[in-house]
Amino acid sequence: MLVRRLRFPKTLSTCSIQASDIHTQHYDVIVVGGGHAGTEAVAAASRVGAKTLLITQKIQTIGALSCNPSLGGVGKGHLVKEIDALDGVMGRAGDWAGVHFSILNRSKGPAVWGPRTQLDRQRYKDFIQSELLSTPRVTILEGSVQDLLFTTADPEKPGRHKVYGIRLAHGGGEIHSRSVVLTTGTFLSGALFIGQNTSPGGRMADPPSCAGLSHTLKEVLGLKVGRLRTGTPPRIIKDTIDFSLTLIRLPDPSPTPFSFMNTHTHCKPEEQLPCYLTYTTPGVERVVKESSHHNSHIQQDTKGPRYCPSIESKVLRFPGRQHQVWLEPEGLTSDLMYPQGLSMTMPPEKQLCLIREIPGLQRAKICTPGYGVQYDFVCPTQLFPWLQVKSTQGLFLAGQINGTTGYEEAAAQGLWAGVNAGRTSLSKPPVSLSRTQSYIGVLIDDLIGRGVTEPYRMFTSRAEFRTALRPDNADLRLTLRGFEELGCVSEQRYNEALRVQVSLNDALSALKSIHLSASRWKDKLGDVNISETKSSILNGVEVLQYKDVSLQMLASAFPELAGLYLEFSERLKVEAIYRPHCEKQRKEIERMQAEESLYLPEDIDYLTLPVSLSQEVREILDSVRPSTLGAAARLSGITPAAIVHLFNYVHRNKHRNHS
């Protein structure tokens, strides 16, 4: 067994300690799994002050990009910005490893823009590992977890069980802790599929997690466990592609960093790499249909990702259509391209036939074939909003084990589970994020309130208050709370967020203090489309809402603005655009927050509750057991009348939880 305590210098092959030392130490938090959820969980737990152990099957794969070499996008980019605002690792790693930055959805309003980047796989992994090396209170152990350790539950807290550590596989012994975070990804009873061949594993060349872990979750804890699937495309050798037959897509000339702490990206604008677009042909559909009897993965009814389906699923579901294929670089020095949109599980020889039916890929060669993965997940309605298992004190779940898909969704859960596992281990109360405050809150609320029937992916359409939950203001929404209440944000980041907040407020006050009529504004600003029929007086913020008006124009007309606030010109423009919308939504946000502050008792018996509820409503509430009135209101099948009856019952019995 190999154990390495992570400190600088920047390689994971140094600083070994004796394996026997690990068993003499007690940890506050143990994190199982070194993927995107696990690395964020480890970093977050340590930031709140917990002594943390990360257990992973292969140290060299920590931070690996198992599937696509990209980060962010519509909805997903919002999550990355929020992870960064809470001092997570992913945003800064993306800024370091990105090789093609772009803002998606620019034709729409800034609230739904999607910051995105293509990543250099090796650079990303190196950054994550280097970050863990410099994180205090973190130890890393290479090994497999066979089982969880349980003790008598605290009768003063909810839950029938209490975890106090893990048991390693292969006679590795026990390691004790106050909290455990499971971030097993696709490795929980994972199985790989290529053609009609099946083998155990969570990723090519890596074994699945130990069977004992799945058995414990299902049989010992009695958790409802389901099965999901995903897949990845073949990797194509770059030099065998004829890019002249594809459409080139250039990156943004000025890369936009993910991290609020960065003013520029590591990759210079002129060093960025392009992506290329091509399309499927009728020949692709022919190969899929001819090989379907050789493809056991698509013949099964295990649910796969609706929003990132395999090429077999797309062709069989939508025959006769042309589908996009994006050819994406895997790094500055990589000789491989990633064909986004060509996830497939047919036999390797058929995969080669298929890609050669696509323009630009007629002579392409495959380096590694695509494959499918099936894995266990735990129904997330069995979790509290702080991602602890309701039945088990100290046990937290994050990532694909909760039924999600995507790096960003996993990392967001990992961060929040790490924060709460760390706080719980230090005898601090757990914390929740409202869906009115963040996309992370939307993600978790959707999972625990509605569950999943297919891999869950974040979209901006899932949030009710998109104009308030923007990528540009994630720091103002989360960083201050992260420092003052949660303890997961550094003082340096906190001070920067305070500086930004004060500067933006001062700038808005200065703009509001300028009052002119429409005609006077036109005189000041020149050819700007402001109707002179307006009889009202407009202030500077109201004028900045106009499409043709920029802060630079206002600063030219009013020298007192020049030099003071131009640093925040883009953010002020967005603030001005959405201020009326946010003010209109404030009452609705306050109503939802009031509902979410009303906690439903853990021991409430919905089947016999002495209020007027239909049997269907009672069964839904008993099955999901929502934590708050707000979560109950969002359940399918729950009527407004039922919410009123619940509110009156809980209010009457004064079951309020102020944690």
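Described in the following lines is the structure provided in the data block. (Residues numbered from 1 in each chain as written. Predicted model: local features only at pLDDT ≥ 70, side-chain atom pairs only at ≥ 80, totals over all residues. Heavy atoms only, no water.)

In terms of helices and strands, the protein carries 20 helices and 25 strands. For 659 residues, the compact-globule estimate of 2.2 N^0.38 gives 26 Å, and the C-alpha radius of gyration of the protein, at 26 Å, lies within 12% of that figure. Overall size of the protein, expressed as C-alpha extent along the three principal axes, is 80 × 70 × 55 Å. Per-residue burial over the protein gives 60% buried out of 659 residues. By sequence separation, contacts in the protein at least 24 residues apart represent 73% of the contacts at least 6 residues apart. Summed over its atoms, the accessible surface of the protein is roughly 27,100 Å², and 51% of this surface lies on carbon and sulfur atoms. Once the 74 positive and 65 negative side-chain charges of the protein are each reduced to a mean point, those two points are 2 Å apart. (Helix = DSSP H or I, 4+ residues; strand = E, 2+ residues; numbered from the N terminus. Rg over C-alpha atoms; globule rule 2.2 N^0.38 Å. Buried < 20%, exposed > 50% of the residue type's maximum accessible area, 1.4 Å probe, protein only. Contact = heavy atoms within 4.5 Å. Areas by Shrake-Rupley, 256 points an atom, 1.4 Å probe, with all protein chains shown as cover. Lys, Arg positive; Asp, Glu negative; His and termini not counted. Charge placed at Lys NZ, Arg CZ, Asp CG, Glu CD.)

Quick look at the packing of aromatic side chains now. If you walk through the whole model with that rule in mind, you get five aromatic pairs. Arranged with centres 4.0 Å apart and planes meeting at 15°, the rings of Phe483 and Tyr494 form a pair that is stacked. In this pair, Phe483 is assigned in helix α12 (residues 474–486) and Tyr494 in helix α13 (residues 491–512), connecting sequence segments 11 residues apart. Under the relative-accessibility criterion, Phe483 is labelled partly exposed at 30%. Look at Trp521 and Phe558: their rings are 5.7 Å apart centre to centre, the planes differ by 65°, and that puts the pair in the edge-to-face class. Here the residue Trp521 occupies a position in helix α14 (residues 518–525), and Phe558 occupies one in the loop between α16 (551–557) and α17 (569–596), the gap between them amounting to 37 residues. (Phe/Tyr/Trp six-rings, centres within 6.5 Å; stacked < 30°, edge-to-face > 60°.)

The subject of this paragraph is the environment of Ser343. Tracing the sequence through the fold places Ser343 in the loop between β19 (336–340) and α9 (348–355). Overall, Ser343 belongs to the buried group, its relative accessible area being 9%. Sequence spacing of Ser343 and Gly231 is 112 residues, and the spatial spacing of their C-alpha atoms is 5.8 Å. Filtering out sequence-adjacent residues up to four positions away, Ser343 remains in contact with Gly231, Thr232, Pro233, Pro309, Ser310, Ile311 and Glu312.

Here helix α6 (residues 282–291) has its buried residues at Gly283, Val284, Glu285, Val287, Val288 and Ser291. Of the surrounding elements, those touching the buried residues of α6 are α8 (311–317) and α9.

Moving on, we get to the pattern of salt bridges. Using the criterion set out here, one finds 32 salt bridges in the structure. In this structure, Arg203 engages Asp206 in a salt bridge whose closest nitrogen and oxygen atoms are separated by 2.8 Å. Given a relative accessible area of 9%, Asp206 falls into the buried group. Within this structure, Arg435, Asp445, Asp446, Arg450, Glu464 and Arg634 form a network of salt bridges that share partners. (Salt bridge = Lys/Arg side-chain N within 4 Å of Asp/Glu carboxyl O.)

Before going further, it helps to examine the layout of surface pockets. Put simply, the second largest pocket is a space of about 1,200 Å³. For the second largest pocket, the lining is made up of 32 residues, of which Lys81, Thr256, Asp472, Glu570 and Arg571 are closest to its centre. At the level of secondary structure, the elements contributing two or more residues to the lining of the second largest pocket comprise α12, α13 and α17. Ranked by residue count, the leading element in the lining of the second largest pocket is α17, at six residues. Class assignment of the residues belonging to the lining of the second largest pocket gives a composition of 14 nonpolar, seven polar and 11 charged. (1 Å grid on protein atoms, 1.4 Å probe; cavity = no way out; pocket = protein on both sides within 12 Å on 5 of 7 lines; lining within 4 Å. Points joined across faces, edges and corners; volume = space filled by probe spheres on them. Nonpolar A, V, L, I, M, F, W, Y, C, P; charged D, E, K, R; others polar.)

Before going further, it helps to examine the sheet that holds strand β14 (residues 225–232). Strands sit in the order β13-β12-β21-β14 across an open sheet of four strands; the sheet is antiparallel. Single-partner strands in this sheet number two, and they are β13 (197–200) and β14. Going from strand to strand, the sheet's axes swing by 25° on average, the running direction of each strand aside. As paired elements, β14 and strand β21 (residues 371–378) share eight bridges and run antiparallel to each other. Of the residues in β21, the one forming a bridge with Arg227 is Asp376. (Pairing = 2+ DSSP bridges. Axes fitted to C-alpha atoms, helices over the stretch in contact; angles between N-to-C directions.)

Glancing now at unusual backbone geometry. Phi is positive for Asn105, close to 70°, though the residue is something other than glycine. In this fold, Asn105 is placed in the loop between β6 (98–104) and β7 (114–119). You can call Asn105 partly exposed: its relative accessible area is 23%. Of note, the phi angle at Arg625 is positive, near 50°, even though the residue is not glycine. With respect to the secondary-structure elements, Arg625 resides in the loop between α18 (615–624) and α19 (629–633).

Glancing now at the environment of His651. With respect to the helices and strands, the residue His651 is situated in helix α20 (residues 640–653). On the basis of relative accessible area, His651 is assigned to the partly exposed category, the value being 44%. When the C-alpha atoms of His651 and Leu600 are compared, they prove to be 9.9 Å apart, with 51 residues separating the residues in sequence.

Here we take up the packing of helix α1 (residues 36–47) against helix α10 (residues 407–425). Orientation of α1 relative to α10, taken along the N-to-C sense of each, is 30°, at an axis distance of 7 Å. One finds that α1 runs roughly parallel with respect to α10. Crossing angle aside, the handedness with which α1 passes α10 is right-handed. In contact with His36, Ala37, Glu40, Ala41, Ala44, Ala45 and Arg47 of α1, α10 contributes Tyr407, Ala410, Ala411, Gly414, Leu415, Gly418, Val419 and Gly422. In terms of residue class, the contact of α1 with α10 is made up of nine nonpolar, four polar and two charged. (Parallel < 35°, antiparallel > 145°, perpendicular 65-115°, else oblique. Left-handed = near helix turned anticlockwise from the far one by under 90°.)

If you trace the three strands from one edge of the open sheet to the other, you get β5-β7-β6, paired in antiparallel fashion. Edge positions in the sheet fall to β5 (70–72) and β6, since each of these pairs with one other strand and no more. Pairs of neighbouring strands in the sheet enclose a mean axial angle of 20°, with direction left out of account. Across six bridges, β6 lies against β7 in antiparallel orientation.

Let us now look at the packing of α6 against α9. Contact pair α6 / α9: the axes reach a minimum separation of 8 Å and the direction vectors enclose 160°. Viewed along their axes, α6 and α9 adopt a mutual orientation that is roughly antiparallel. Of the two possible hands of crossing, α6 and α9 adopt the one that is right-handed. Contacts between α6 and α9 involve Val284, Val287, Val288 and Ser291 from the first element and Lys350, Cys353 and Leu354 from the second.

Further remarks concern the environment of Val378. By secondary structure assignment, the location of Val378 is in strand β21. As for Val378 and Ala169, which are separated by 209 residues in sequence, their C-alpha atoms are 22 Å apart. The contacts of Val378, once residues within four sequence positions are left out, are Leu217, Leu223, Lys224, Val225, Leu397, Ile401 and Asn402.

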